[in-house]
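These are the residues of each chain, in order.
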Amino acid sequence: MDELTGSFDVWRVVRLGGREFTDAVVAEPHRGPSPPLAAALADWPGRWYWADRAGGHLVLIRPLGPERRERWLIHALLFALTVLCSLGAGLALLGEPLPTTGPLGGTVQFVQEVIDGGWRFIAAGWPFAVPLLGILLVHELGHYVAARRYAIDASPPYFLPVPPTFSPIGSLGAFLRLRSPVLDRRQLLDVGAAGPLAGFLVTLLVLGWGYGLSERMEPGLDPVRTFVVLAGEQIPLGDSLLTLAFRTLFHPDVASLELSLPGFAGWVGAFVTGLNLLPLSQLDGGHVVYALFGRRQATVGLLALCGLLILAQYSWNWYIWVAFALLVGGGRWAHPSVIDPAREVEPERRRIGWVAIAVFALTFVPIPFAAGN
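Residues numbered from 1 in each chain as written. Predicted model: local features only at pLDDT ≥ 70, side-chain atom pairs only at ≥ 80, totals over all residues. Heavy atoms only, no water.

Quick look at the sheet that holds strand S1 (residues 8–16)
Then, in step 1: Reading across from one edge, S1-S2-S4-S3 is the order of the four strands in this open sheet, with antiparallel pairing throughout. In the strand order of this sheet, the two ends are held by S1 and strand S3 (47–52), each with one partner. Direction aside, the axes of adjacent strands within the sheet are offset by 20 degrees on average.
Then, in step 2: Alignment of S3 against strand S4 (residues 57–63), held across five bridges, turns out to be antiparallel. Paired with Asp52 across the two strands is His57, which belongs to S4. (Pairing = 2+ DSSP bridges. Helix = DSSP H or I, 4+ residues; strand = E, 2+ residues; numbered from the N terminus. Axes fitted to C-alpha atoms, helices over the stretch in contact; angles between N-to-C directions.)

Some points on the nonpolar core
Then, in step 1: Ranked by size, the top nonpolar core spans 54 residues in total, and within it Phe128, Phe264, Trp267, Leu278, Leu280, Leu308 and Trp318 carry the most contacts.
Then, in step 2: By residue number, the principal contributor to this core is helix H8 (residues 261–276), which donates eight residues.
Then, in step 3: Other than its neighbours up to four places away in sequence, Trp267 contacts Leu207, Tyr211, Leu237, Gly238, Thr243, Leu259, Pro368 and Phe369.
Then, in step 4: By size, the runner-up hydrophobic cluster in this structure holds 17 residues, among which are Val59, Leu188, Tyr290 and Val338. (Core = buried A, V, L, I, M, F, W, Y, C linked by side-chain atoms within 4.5 Å. Buried < 20%, exposed > 50% of the residue type's maximum accessible area, 1.4 Å probe, protein only. Contact = heavy atoms within 4.5 Å.)

Focus: the side chain of Ser7
Then, in step 1: By the secondary structure assignment, Ser7 is in the loop between helix H1 (2–5) and S1.
Then, in step 2: When its relative accessible area of 1% is taken as the criterion, Ser7 is described as buried.
Then, in step 3: Those residues in contact with Ser7, other than ones at most four positions away along the chain, are Val26, Ala27, His30 and Leu37.

A closer look at the packing of aromatic side chains
Then, in step 1: Counted under the stated rule, the structure contains 14 aromatic pairs.
Then, in step 2: Ring pairing ties together the aromatic residues Phe128, Phe264, Trp267, Phe271 and Phe369, which thus form one cluster.
Then, in step 3: Just above the ring of Tyr150 sits the side chain of Arg149; from NZ or CZ to the centre is 5.1 Å. (Phe/Tyr/Trp six-rings, centres within 6.5 Å; stacked < 30°, edge-to-face > 60°. Lys NZ or Arg CZ within 6 Å of the ring centre and 35° of its normal.)

Some details on the packing of helix H6 (residues 185–213) against helix H12 (residues 350–363)
Then, in step 1: It is the contact of H6 with H12, at a shortest axis distance of 10 Å, that shows an interaxial angle of 45 degrees. Between H6 and H12, the angle is such that the two are oblique. By crossing handedness, the relation of H6 to H12 is classed as left-handed. Contacts between H6 and H12 involve Leu189, Asp190, Ala193, Leu197 and Phe200 from the first element and Arg350, Ile352, Gly353, Val355, Ala356, Val359, Leu362 and Thr363 from the second.
Then, in step 2: Looking at side-chain class alone, the contact of H6 with H12 contains nine nonpolar, two polar and two charged residues. (Parallel < 35°, antiparallel > 145°, perpendicular 65-115°, else oblique. Left-handed = near helix turned anticlockwise from the far one by under 90°. Nonpolar A, V, L, I, M, F, W, Y, C, P; charged D, E, K, R; others polar.)

In structure tokens form, the structure reads like this:
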């Protein structure tokens, strides 16, 4: 540490949540950085970044004590179960009937079939499961890599499997646990935006693949614009600006379109991206808006909440998502503070947040499912 502090004019050290944070103003001759400072940074046993290069503001983070051991068996088991459930959902999308014994009884039957070797049969659902899980996995890895970039103690992804008798996609998504505090709004912006932006790139590829394979319907046969067939039942789907653009690009002047399995995976991936970017509480969008605007995020979150309650009059599913967002935020739509909320994100880095907001505008689906279906 002495090698570093010799290059500083002033500095402060904060120890919190198993991490040591050092805020320093580097002396002007060392801001290049100078060879002594560069050598000291190369030997630093943690992470560092320039919060303000012109002003010489340097931030260093390092863990206090050894890193915790991850429970990889739990993560692997949850992921394996999610794969099976998503394959089962893909099979239902291929036209296989779901069990008629109800959700609970059907779940028991589904598990029994898998144990009895039925996994070989449900593997046919891979054109849906693989692209969807690819989107979800890349999304979570985006968060994970960004968190590790700042030495934030982040868990590997926890996937949430749901039997296909309960969910048409076989999953409730995935999440990370941040087990050490976030220092400033820059860290929050990078970690919050990295997931949806990484997943969005994969979603674009999946949509191109899936919409290219989707089946056009003859004009006038059905009023539904875009739909998917689950276990023989037609489910109409709403459009975001993004999916509308892909439908127009691949199938112009088509009255109705039945999505292929990868097409539906891309639709779900875009839909989930829009959901996560809602500017509420501790959703990814809440992280991004708080990073950009600080405490004004509470006002944006309240407006978003009111907007969702209005949309819920046309699509009741929004009641569920409002309840989930409030549950994640501990009953609040406002984002909790970071350690140093006064430090703003430097102007050139704020572009990341505006790109995330643009992705939200492209992927948000006002009415995901048609009324009455």
